[in-house]
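# A look at the structure
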Protein chains: 2
Amino acid sequence: MKDSIDDHVALWARELPEMDLRVEGIAARLQKLTRYLDRRRDAVLAAHGLQYWEFKTLHMLRRNGAPYQATPGELATRLGLSPATMTNRLDALERRGYVDRGHDRDDRRKVVATLTPAGLKIWQQGIGDISQVEENLIHQLSHTDQDHLLVLLRRLVLATEGDH
Amino acid sequence: MKDSIDDHVALWARELPEMDLRVEGIAARLQKLTRYLDRRRDAVLAAHGLQYWEFKTLHMLRRNGAPYQATPGELATRLGLSPATMTNRLDALERRGYVDRGHDRDDRRKVVATLTPAGLKIWQQGIGDISQVEENLIHQLSHTDQDHLLVLLRRLVLATEGDH
DNA sequence: GGAGAGTATTTCGACGTCGAAAAGTTTGAC
DNA sequence: GTCAAACTTTTCGACGTCGAAATACTCTCC
């Protein structure tokens, strides 16, 4: 059974004869599946009136256990964003009531962002829906195929992280 | 051998007991590998002074065989962008000399964008470097493992293309 | 042919992002 | 005790993107 990537690769193979069909087929499918998950995830979050960047920010606060606090700088570093962007995100989340901002008592340079009960609640709804989206896709494979796929992907991830 | 996703999943498993570890491990690795390829690709393109959105636009023009032409509307649809964005992209690419714009003689509403020789040349350099990045990653697996991985990924892609 | 509907592109205002500079706070050396 | 260097966050200007309105052109039908 052929998928759209088979067609795509066959088309480019005519133009770029030195292209490695296996490599291209795998890389294109990795990207296609990720884009699919991105789209489905954005759709279920939109049902809660949430953008993905809002969810990711709440997620990083939730990742720190109770009381779900972090400084803007910490959040920016972990999310791979500039400090400027984090200021904007926290402005928006504070306006929507999902986050509180206050100054650190010991070091008044620092700001401490805290997840509000409303923020925690919408995060819970979002994380549940996102898990469901991922399950709907991956459950297309049997458990043994899932394990097989996971092992192959782990080998690739290890290669990107520096072999040990 | 454990990778960073194993740690990530183990961490969240404590907080979300109903989470499916296999599903999460696969989904997280798909996304991590795609992000890795994105970063490496952006880096090699930057060596040619090219942003990925510029390359993608040239790529879509190159995809149409010689004389490498398309209308803004066609490009916007295939790239999943708004017409407004395509106007901006073509403005920039025309300024850099990678694209020419002219009016269609038969239908003067239409604009025809054409890849210049300079645009074709930089696309060739970019596509070669991107293929190299993908090969460097995927060649971590043997040919038989690559084939196994490809088959599993194709099954997932087919699942995303079957139901709508 | 002329009016109105339809199509293709551009313009406009808003958003989220970034790098760099600015503002406010702490630390350390003297 | 003072002040310069370091640290944290915010502000500012620019970019790429989008939706919606505006512009320019074509087609249809009477």
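For chain A, the name recorded in an unreviewed UniProt entry is DNA-binding MarR family transcriptional regulator, with Kribbella caucasensis as its organism.

### Focus on the sheet that holds strand β3 (residues 111-115) of chain B
Residue and element names in this part refer to chain B. Pairing is antiparallel in the open sheet, where three strands are placed in the order β1-β3-β2. Both outer strands of the open sheet, β1 (69-70) and β2 (99-103), are each paired with one neighbouring strand and no more. Looking at chain direction, β2 and β3 are connected through five bridges and run antiparallel. From the neighbouring strand, R101 faces β3, where its bridge partner is A113. The sheet contacts of helix α5 (residues 83-95) involve β2 and β3, and relative to β2 the element is tilted by about 120 degrees.

### Focus on the protein's contact with DNA strand D
Around DNA strand D there are 21 residues in total, and G73(A), T85(B), N88(B), R89(B) and R109(B) lie nearest to it. Close to the protein, within 4 Å, the atoms of DNA strand D belong to sugar or phosphate groups at a rate of 71%. Contact between DNA strand D and R109(A): a base oxygen at 3.2 Å from a side-chain N or O atom of the residue. Those elements giving two or more residues to the surface near DNA strand D turn out to be α4 (72-79) and α5 (83-95) of chain A together with α5 of chain B. Take the surface near DNA strand D: its biggest share by element is four residues, from α5(B). The class makeup of the residues in the surface near DNA strand D is seven nonpolar, seven polar and seven charged.

Rules of the game
- Residues numbered from 1 in each chain as written.
- Chains lettered and ligands numbered in written order.
- Predicted model: local features only at pLDDT ≥ 70, side-chain atom pairs only at ≥ 80, totals over all residues.
- Heavy atoms only, no water.
- Pairing = 2+ DSSP bridges.
- Helix = DSSP H or I, 4+ residues; strand = E, 2+ residues; numbered from the N terminus.
- Contact = heavy atoms within 4.5 Å.
- Axes fitted to C-alpha atoms, helices over the stretch in contact; angles between N-to-C directions.
- Near = heavy atom within 4 Å.
- Polar contact = N/O pair within 3.5 Å; in protein donor to acceptor, adjacent residues only side chain to side chain.
- Nonpolar A, V, L, I, M, F, W, Y, C, P; charged D, E, K, R; others polar.

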